[in-house]
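# A structural walkthrough
Next come the chains, spelled out residue by residue.
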Amino acid sequence: MARDPRVGVLMGSDSDLPCMQAAVDVLEEFGVTHEVRVLSAHRTPKAMVSYSESARGRGLQVLIAGAGGAAHLPGMVASLTTLPVIGVPVASKALNGLDSLYSIVQMPAGIPVATVAIGNACNAGLLALQILALQDQALAEALQTHRRELQTNVEAKDLRLQQLGSSTYLAERN
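Attention here is on the structure that accompanies the text. All of these numbers come straight from a predicted model, not from anything done at the bench. (Residues numbered from 1 in each chain as written. Predicted model: local features only at pLDDT ≥ 70, side-chain atom pairs only at ≥ 80, totals over all residues. Heavy atoms only, no water.)

## Some words on the sheet that holds strand β3 (residues 62-67)
This is how it is decided: Being paired, for any two strands, means DSSP has found at least two bridges between them. Helix numbering and strand numbering both begin at the N terminus, where a helix is a DSSP run of H or I of at least 4 residues and a strand a DSSP run of E of at least 2. Here, residues are in contact when the closest pair of their heavy atoms is within 4.5 Å. Only the contacting stretch of a helix is used when fitting its axis, a line to C-alpha atoms as for every element, and angles between N-to-C directions run 0 to 180 degrees.
Taken in spatial order, the five strands make up an open sheet running β2-β1-β3-β4-β5, and their pairing is parallel. Bordering the open sheet on either side are β2 (34-38) and β5 (114-115), each of which pairs with just one other strand. Here strand β1 (residues 7-11) runs beside β3; their pairing, made up of five bridges, is parallel. Bridging across to β3, V9 finds its partner in I64. Those strands touched by helix α1 (residues 17-29) are β1, β2, β3 and β4 (85-89), and its axis lies near 170° from that of β1. Each of β3, β4 and β5 touches helix α4 (residues 98-105); the most contacted strand, β4, lies at about 160° to it.

Right, here's the structure in full:
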């Protein structure tokens, strides 16, 4: 477990880890301390309550909660803390994550959960960084550099596409 974690990455089941790892990867890329936990709203509710209620006091600043199926974890965590909670709908076998998305995004008034696209834990990690960057100038500058790199990559691809034409470009990608 990380020393003095700033972000908690939670999931309802270890089967969600392949999706949630993208958030962990983003946090690690930017050097942000974090912890990763499996806490089920249904199977370990007491542990989820304890974790959520103690998060702020332990120094956490943002929580990322991923869940599939009924996807109650993000909302339940948000109901137990005033820390920002970012929900990640994890694709499920039954409805490809649409059920998870609806469950997370349809929170009642007064208990917000920021929600990213189905399976997009990368954006959850980036959103957590943006929240932290409000009070961390070095992190804000690192995020700005990251955005410039994204722009440069797209511009390079556009130039290559224009040079080669679409058929050759596609053939080169494959």
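That shown, we press on.
## Overview of the pairing of β2
Inclusion rule: By definition, the crossover connecting two strands over a helix is right-handed if that path, from the first strand to the second, turns clockwise as seen with the strands pointing away from the viewer.
As paired elements, β1 and β2 share five bridges and run parallel to each other. Paired with G8 across the strands is E35, a residue of β2. Considered for its hand, the β-α-β crossover made up of β1, α1 and β2 is right-handed.

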